Amino acid sequence: MVDGEQFRAVLGQFATGVTVVTLPGDPPHGITVSAFASLSVDPPLVLVSLDHDTDAHRRLADGDDDGFAVNILARGQRHLGEFFAGMTDDGDPFAEASDAPATGAPVFEDDLAYVDCTLYDSFQAGDHTVYVGHVEAAELFNPDAEPLTYHRGEWGTTAASADDA
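We now turn to the structure provided with this report.

## Digging into the sheet that holds strand S3 (residues 29–33)
Point 1. The strand order S3-S2-S6-S9-S10-S5-S4 describes an open sheet built from seven strands, whose pairing is antiparallel. Edge positions in the sheet fall to S3 and strand S4 (36–40), since each of these pairs with one other strand and no more. The mean inter-strand angle of the sheet, taken between neighbouring strand axes irrespective of direction, is 35 degrees.

Below, the structure is given as structure tokens:
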């Protein structure tokens, strides 16, 4: 059996994009998520995986929120990735956000893009729940910007080293 430390080390070799999943409630909420993927084009579906120990999971599981936005972060948004990962508490990122059209979840104008989703389905998988979102709206904000990535425990981008992100 693979232990947790070895499992994390192996999966850390996979470079991922960085997203912030936001929930519209009062107050709004956000969480940094690398477990995000497209699932279907027809109908348009995406998935996010949330740890059972997070407020985002609780809010969706309890029905406090019935939708979410996935903010796909650009290179210059590392501060958002860190804030919503609980690595810093500097400022109020929601002050610079607008509301997504379908759910009202916060979106950030400096994102590469976002998808706004209503909750379509969910299922438990180990210590996480996979939430499937039906994409109600999507927009490219900055398609020419470099994406923010995460690889081997470091922030980076496809065009520069982690130190430049």
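## Considering the sheet that holds strand S1 (residues 16–17)
Point 1. If you trace the three strands from one edge of the open sheet to the other, you get S1-S11-S12, paired in antiparallel fashion. Edge positions in the open sheet fall to S1 and strand S12 (154–157), since each of these has one partner strand only.
Point 2. Summarising the sheet, strand S11 (residues 148–151) and S12 pair through four bridges and their orientation is antiparallel. Within S12, the position partnered with Leu-148 by the bridge is Thr-157.

## Observations concerning the nonpolar core
Point 1. In this structure, Val-21, Val-48, Leu-50 and Phe-68 are the most contacted members of the largest nonpolar core, which totals 15 residues.
Point 2. When residues of this core are traced back to their parent elements, those giving at least two are strand S2 (19–23), S3, strand S5 (45–51), helix H2 (55–61), strand S6 (67–72), strand S9 (113–125) and strand S10 (128–140).
Point 3. Each residue touching Val-48, except ones within four places of it in the same chain, is listed here: Val-21, Val-33, Ala-35, Phe-36, Phe-68, Val-70, Thr-129, Val-130 and Tyr-131.
Point 4. Residues Val-18, Val-20, Leu-73 and Leu-148 belong to the second largest nonpolar core, which totals nine residues.

Cut-offs applied
- Sequence order as written defines the numbering, with residues in each chain counted from 1.
- Totals for whole chains, interfaces and linings use every residue, but because this is a predicted model, local features are given only for residues with pLDDT of at least 70 and side-chain atom pairs only at 80 or more, for both listing and counting.
- Excluding hydrogens and water, the side-chain values take into account all heavy atoms of the structure.
- Criterion used throughout: strands pair if DSSP finds at least two bridges between them.
- Helix and strand definitions here come from DSSP, where helices need a minimum of 4 consecutive H or I residues and strands a minimum of 2 consecutive E residues; each element is numbered from the N-terminal end.
- In this analysis an axis means a line fitted to C-alpha atoms, helices contributing only their contacting stretch, and an angle means the value between N-to-C directions, from 0 to 180 degrees.
- Throughout this description, the term nonpolar core refers to a set of buried Ala, Val, Leu, Ile, Met, Phe, Trp, Tyr and Cys residues connected via side-chain atoms within 4.5 Å.
- Three labels apply to residues, based on accessible area from a 1.4 Å probe with only protein chains included: buried if under 20% of the type maximum, exposed if over 50%, partly exposed otherwise in between.
- We call two residues contacting when some pair of their heavy atoms lies within 4.5 Å.

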